[in-house]
Amino acid sequence: MTFQTHQFPYGDDNYGLLMHCTESGLTACVDAGDAGATEAALTETGWRLTHIFITHHHGDHIGGNDILKSKFDAKILAFEDDKDRIPMIDIPLKDNQV
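Quick notes on the rules
- Residues numbered from 1 in each chain as written.
- Predicted model: local features only at pLDDT ≥ 70, side-chain atom pairs only at ≥ 80, totals over all residues.
- Heavy atoms only, no water.
- Salt bridge = Lys/Arg side-chain N within 4 Å of Asp/Glu carboxyl O.
- Helix = DSSP H or I, 4+ residues; strand = E, 2+ residues; numbered from the N terminus.
- Buried < 20%, exposed > 50% of the residue type's maximum accessible area, 1.4 Å probe, protein only.
- Disulfide = S-S within 2.5 Å.
- Core = buried A, V, L, I, M, F, W, Y, C linked by side-chain atoms within 4.5 Å.
- Contact = heavy atoms within 4.5 Å.
- Pairing = 2+ DSSP bridges.
- Right-handed = clockwise from strand over helix to strand, strands pointing away.

## A short note on the pattern of salt bridges
Then, in step 1: Going through the model one piece at a time under the given rule, you end up with four salt bridges.
Then, in step 2: Between Asp-90 and Lys-69 there is a salt bridge, with its nearest N and O atoms 2.6 Å apart. Remark: Lys-69 occurs in helix α3 (residues 65–72) and Asp-90 occurs in the loop between β5 (75–79) and β6 (91–93); sequence separation between them is 21 residues.
Then, in step 3: Asp-90 sits in the partly exposed class, given a relative accessible area of 32%.
Then, in step 4: A salt bridge links Glu-80 to Lys-94; the shortest N-O distance between them is 3.3 Å.

Take a look at the structure:
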């Protein structure tokens, strides 16, 4: 598989990352803290969001989840023990899961 990445700033001290598989067309965002910045990055690249990977529950990492999930029907992946702190997890991940 061939992947392309696109990093973009949001807020005062955060960066989002888009990862795009050129073969499947799937695109994931790592931490969706700002829906507007993520959408701008998607527009810039021409990619369509399919997944959101959340590293942890802080608001500046999950703040755009609801808008992006609604707009793109993206699947949210996050640590299963954060299910009470990260709303709308579609695919809960276990510790050390591959």
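Moving on from the model shown.
## A word on the state of the cysteines
Then, in step 1: A full pass over the atoms with the stated rule returns zero disulfides.
Then, in step 2: For Cys-21, which is in no disulfide, the shortest distance to another cysteine sulfur is to Cys-29 and amounts to 17 Å.
Then, in step 3: In this structure Cys-29 comes out as buried when scored by relative accessible area, which is 0%.

## A short note on the nonpolar core
Then, in step 1: With 20 residues, the main nonpolar core has Phe-8, Leu-18, Leu-49, Ile-52, Ile-54 and Leu-68 as its most contacted residues.
Then, in step 2: Those elements that provide at least two residues to this core are β1 (3–10), α1 (35–45), α3 and β5.
Then, in step 3: Aside from chain neighbours lying at most four places away, what touches Leu-68 is Ala-32, Ala-35, Thr-38, Glu-39, Leu-49, Ile-52, Asp-73 and Ala-74.

## Focus on the pairing of strand β3 (residues 27–30)
Then, in step 1: Taking every second residue as pointing to the same face, both faces of β3 are buried, with Thr-27 and Cys-29 on one and Ala-28 and Val-30 on the other.
Then, in step 2: For strand β2 (residues 14–21) and β3, the ladder comprises four bridges, and the chain directions are antiparallel. The partner of His-20 across the bridge, within β3, is Thr-27.
Then, in step 3: Hairpin remark: β2 followed by β3, antiparallel, with five residues in the connecting loop; positive phi at Gly-25, about 85°.
Then, in step 4: For the crossover that starts at β3, traverses α1 and ends in the parallel strand β4 (residues 51–53), the hand is right-handed.

## Regarding the side chain of Asn-65
Then, in step 1: As for its position among the elements, Asn-65 is in helix α3.
Then, in step 2: Taking relative accessible area as the criterion, Asn-65 reaches 1% and is therefore assigned buried.
Then, in step 3: If we ignore the near neighbours within four places in the chain, the residues touching Asn-65 are Ala-32, Ile-52, Ile-54, Ile-76, Ile-86, Pro-87 and Met-88.

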